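Remarks on the overall topology
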Amino acid sequence: MIDEPGTELFRNAMPFTELLGIEVLAHEPKSVRSRIAWAESLCTLGGVMHGGVLMSLADANGAVCAFLNLPEGKQGTTTVESKTNFLRAVRSGHATASSTPLHVGRSLIVIETTIRDDADSLVAKVTQTQALL
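Everything in this summary refers to the structure shown in the same document. (Residues numbered from 1 in each chain as written. Predicted model: local features only at pLDDT ≥ 70, side-chain atom pairs only at ≥ 80, totals over all residues. Heavy atoms only, no water.)

Take the sheet that holds strand β6 (residues 122–132) next. Sheet strands pair by backbone hydrogen bonding; their relative direction is either parallel or antiparallel. Pairing is antiparallel in the open sheet, where 6 strands are placed in the order β1-β2-β4-β5-β6-β3. Across the chains shown, the open sheet's two edge strands, defined by having one partner strand only, are β1 (23–28) and β3 (77–86). With direction set aside, neighbouring strand axes in the sheet form an average angle of 20°. Sheet topology places β1 next to strand β2 (residues 31–37); 5 bridges connect them, and they run antiparallel. Bridge pairing links Glu23 to Arg35 in β2. Set on the sheet, helix α1 (residues 4–13) makes contact with β1 and β2; between it and β1 the angle comes to about 100°. (Pairing = 2+ DSSP bridges. Helix = DSSP H or I, 4+ residues; strand = E, 2+ residues; numbered from the N terminus. Axes fitted to C-alpha atoms, helices over the stretch in contact; angles between N-to-C directions. Contact = heavy atoms within 4.5 Å.)

Below is the structure:
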């Protein structure tokens, strides 16, 4: 089921997510989930979803997770580091990202995101550091 308020939050904060067709499944401080549907226009040769698309999904998902965990007095975040390990290709269906906070500090938030395919196989693991503004 699509989380319409969450999808609207993504699109208002990051219009690029609408262009990619990202849909939010759930958004709360401890867990943000979103997905993107496989489409030929998002692929490299051979019908494999482009790694940059998967990284964009993870970055947007992690950014909202960080935003939902802002300490009092902070107004936003910006990505200062992102590390992605790709483990398998997405050739059909959806790629679904799940983000959780690993550390919420006074100046940094560290988010861990997993991306899975429709068979629940791990596609990518992303660790992202967000500076607090």
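This next bit is on the side chain of Thr17. Its location among the elements puts Thr17 in helix α2 (residues 16–20). Reaching out from Thr17, the side chain makes a polar contact with the backbone oxygen of Phe10 at a distance of 3.4 Å. Each residue touching Thr17, except ones within four places of it in the same chain, is listed here: Phe10, Arg11, Ile22 and Ala60. (Polar contact = N/O pair within 3.5 Å; in protein donor to acceptor, adjacent residues only side chain to side chain.)

Attention now goes to the pattern of salt bridges. Between side chains of opposite charge, a pair can form as their charged atoms come close. This model, assessed by the stated rule, comprises 4 salt bridges. The salt bridge partner of Arg35 is Glu23, with a shortest N-O separation of 2.9 Å. Of the two residues, Arg35 is situated in strand β2 and Glu23 in strand β1; the sequence distance between them amounts to 12 residues. Here Glu23 falls in the partly exposed class, since its relative accessible area comes to 24%. In this structure, Asp120 engages Arg116 in a salt bridge whose closest nitrogen and oxygen atoms are separated by 3.9 Å. On the basis of relative accessible area, Asp120 is assigned to the exposed category, the value being 52%. We classify Arg116 as partly exposed; its relative accessible area is 30%. (Salt bridge = Lys/Arg side-chain N within 4 Å of Asp/Glu carboxyl O. Buried < 20%, exposed > 50% of the residue type's maximum accessible area, 1.4 Å probe, protein only.)

Purely geometric stuff here, so don't read any function into it on its own.
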